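As a plain string of letters, each chain reads:
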Amino acid sequence: MAFLTTFYAFLFYFAALVFVSGVLFKITQYARTPAPLKIPTTPAPTTTSGVVLRMMREVVLFESLFRGNKWTWIFGWMFHFGLLLVTLRHLRYFIEPVWFPIELVQPFGIYGGMAMIVGLTGLWARRFLVDRVRYISAPSDHLILALLVLIGISGLLMKFVFHSDIVEIKAFFMGLYAYDFQPLPSDPLLLLHLFLVALLLIIFPYSKLLHAPGLFFSPTRNQADNPREVRHIAPWAQQLEQK
Ligand code: HEM
Ligand code: HEM
């Protein structure tokens, strides 16, 4: 028991460190990468506010995926929206007092968990059933989907079948903020859920999950279509011009 608590405490310190420093590192790298060419995907907005609006539609509605493939869109959107609700519902374990909007979202978080699994199943089935997609699917594509499905199923099983003591779980995670280890319940399903979550955090900074922050740095999405009005020069080219 004491061993498990200590093991999970350090596992989560490690996972949080890898996740935060890894994602910050990648974001800095993305931000510093020069975009020498003007390459917005056209038809593109010609103003910055237009770009912000298009980016918002892309993030919230997956607009370009909708144009590209309706099946992938419906399953992809279900999964991501479900994941958002699940994340909001989970915030109750990490904050005290729990904010009112997070209290409101609790029941929807459960439906979010179900939507997440349905979406992931559809996305995964596509990797077996659609020839073109099967051909380009790497083992990591399957493994990430498997990881998320397992996290979701273990979570739903905890919710509906093998309950765990949520008050103790919250005490454990709140304790981690102050380096004060509170006993973690030793239910196998909870330990599995948490182990897989730690794994997800650890692989995040060097896997395709980086598409989440990466999208905002994509020149095809974050540039305005104004090459005639504003001359586009990458920062390193500006330095060359001054010489
Ligand atoms: C800004 C937030 C995010 C946006 C806008 C976004 C958008 C997208 C889009 C458009 C796809 C492409 C679907 C396709 O064409 O195959 C995708 C795939 C995927 N996303 Fe996200 N995503 C976000 C955050 C996340 C997060 C936080 C996770 C998980 C922790 C995640 C997990 C996945 C996975 C696993 C796939 C691949 C599904 C497959 O293999 O078919 N996404 N995402
Ligand atoms: C350290 C982080 C996490 C902790 C402490 C945690 C803990 C839990 C607990 C205790 C439950 C059962 C809820 C109940 O009985 O009412 C649960 C459910 C669930 N978890 Fe997690 N979880 C974490 C991260 C995640 C992540 C990252 C995902 C998704 C990728 C996830 C997906 C789910 C789902 C889908 C459910 C079922 C629906 C629900 O009750 O919210 N969990 N989680």
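Numbering of residues starts from 1 in each chain and follows the order in which that chain's sequence is written. Lettering for chains starts from A, numbering for ligands starts from 1, and both go in the order in which the items are written. At least 70 in pLDDT is required for a residue's local features to be given in this predicted model, at least 80 for side-chain atom pairs to be given and counted, and no such filter applies to totals for whole chains, interfaces and linings, which use all residues.

(A) The overall build of the protein chain, seen in detail. Counting its secondary structure elements, the protein chain contains 12 helices and zero strands. The helix count covers DSSP runs of H or I at least four residues long, the strand count covers runs of E at least two residues long, and both are numbered beginning at the N terminus. Reading the helices (α) and strands (β) of the protein chain from amino to carboxyl end gives α-α-α-α-α-α-α-α-α-α-α-α. Pairs at least 24 apart in sequence give 74% of the contacts found in the protein chain among residues at least 6 apart. By the convention adopted here, residues make contact when the C-beta atoms placed from their backbones lie within 7 Å.

(B) Representation of the site of ligand 1 in the model. Proximity of a residue to a molecule or strand is defined by its backbone-placed C-beta atom lying within 6 Å of that partner. The local shell around ligand 1 holds 15 residues, among which Val-59, Leu-65, Gly-76, Leu-123 and Ala-212 are the closest. Sorting the residues of the shell around ligand 1 by element identifies helix H4 (70-90), helix H7 (139-160) and helix H10 (211-214) as the ones contributing at least two each. Here the element with the most residues in the shell around ligand 1 is H7; it accounts for four residues. A class-by-class count of the residues in the shell around ligand 1 yields 10 nonpolar, four polar and one charged. For this scheme, ten residues count as nonpolar: Ala, Val, Leu, Ile, Met, Phe, Trp, Tyr, Cys and Pro. Four count as charged, namely Asp, Glu, Lys and Arg, and the remainder, Gly too, count as polar.

(C) A look at the nonpolar core. A set of buried Ala, Val, Leu, Ile, Met, Phe, Trp, Tyr and Cys residues, joined through C-beta atoms within 7 Å, is what we mean by a nonpolar core. Field definition: a residue is buried when 20 or more other C-beta atoms are found within 10 Å of its C-beta, exposed when 12 or fewer are, and partly exposed for counts in between, with C-beta atoms placed from the backbone. Counting 12 residues, the largest nonpolar core consists of Phe-75, Met-78, Phe-79, Leu-85, Val-86, Ala-115, Met-116, Ile-117, Leu-120, Leu-123, Leu-148 and Ile-151. Counting residues per element, the ones that place at least two in this core are H4, helix H5 (100-129) and H7. In contact with Met-116, not counting residues within four places along its chain, are Phe-79, Gly-82, Leu-83, Val-86 and Gly-152. Counting residues in each nonpolar core, the second largest holds five residues, with Tyr-8, Leu-184, Leu-190 and Leu-194 among its members.

(D) View of the packing of helix H1 (residues 2-32) against helix H9 (residues 188-203). Following both chains from N to C, one finds H1 and H9 inclined at 25 degrees, their axes separated by 8 Å at the closest point. Viewed along their axes, H1 and H9 adopt a mutual orientation that is roughly parallel. Between H1 and H9 the crossing geometry is left-handed. Touching Tyr-8, Leu-11, Phe-12, Ala-15, Ala-16, Val-18 and Phe-19 of H1 are Leu-194, Ala-198, Leu-201 and Ile-202, all from H9. Of the residues in the contact of H1 with H9, the class split is 11 nonpolar, no polar and no charged. For helices, the fitted line uses only the C-alpha atoms of the stretch in contact; every axis is such a line through C-alpha atoms, and the angle between N-to-C directions lies from 0 to 180 degrees. By the definition adopted for this analysis, an angle is roughly parallel if under 35 degrees, roughly antiparallel if over 145, roughly perpendicular if from 65 to 115, and oblique otherwise. In this scheme, a crossing is called left-handed if the near helix is turned counterclockwise away from the far one by less than a right angle; it is called right-handed if the turn is clockwise.

(E) Expanded view of the site of ligand 2. Around ligand 2 there are 25 residues in total, and Gly-113, Gly-152, Gly-155, Met-158 and Lys-159 lie nearest to it. Secondary-structure elements contributing two or more residues to the shell around ligand 2 are H4, H5, H7, helix H8 (166-177) and H9. Element by element, the count of residues in the shell around ligand 2 is highest for H7, at seven residues.

(F) Fine view of the packing of H5 against H7. Across the interface, H5 lies against H7 with an axial gap of 10 Å and an inter-helix angle of 150 degrees. What the angle tells us is that H5 and H7 run roughly antiparallel. Like other packed secondary-structure pairs, H5 and H7 cross with a definite hand, here left-handed. Along the contact surface, H5 presents Ile-110, Gly-113, Met-116, Ile-117, Leu-120, Leu-123, Trp-124 and Arg-127, while H7 presents Asp-141, His-142, Leu-145, Leu-148, Val-149, Gly-152, Ile-153, Gly-155, Leu-156 and Lys-159. Here the contact of H5 with H7 is built from residues that sort into 11 nonpolar, four polar and three charged.

(G) Spatial organisation of H9. Between its first and last C-alpha atoms H9 spans 23 Å; for 16 residues at 1.5 Å apiece the expected length is 22 Å, and the two agree. Within H9, the full set of buried residues consists of Leu-190, His-193, Leu-194 and Leu-201. Each buried residue of H9 sits inside an arc of 90 degrees when the element is viewed along its axis, so together they form one side. Contacts from the buried residues of H9 go to H1, H7 and H8. One fewer than the residue count of a helix, multiplied by 1.5 Å, yields its expected span. This arc is taken over the directions from the axis of the helix to the C-beta atoms.

(H) Looking closely at the environment of Leu-84. Within the element layout of this structure, Leu-84 appears in helix H4. On the neighbour-count criterion, Leu-84 (17 C-beta atoms within 10 Å) is partly exposed. Spatially, the C-alpha atom of Leu-84 lies 7.6 Å from that of Gly-112, the residues being 28 residues apart in sequence.

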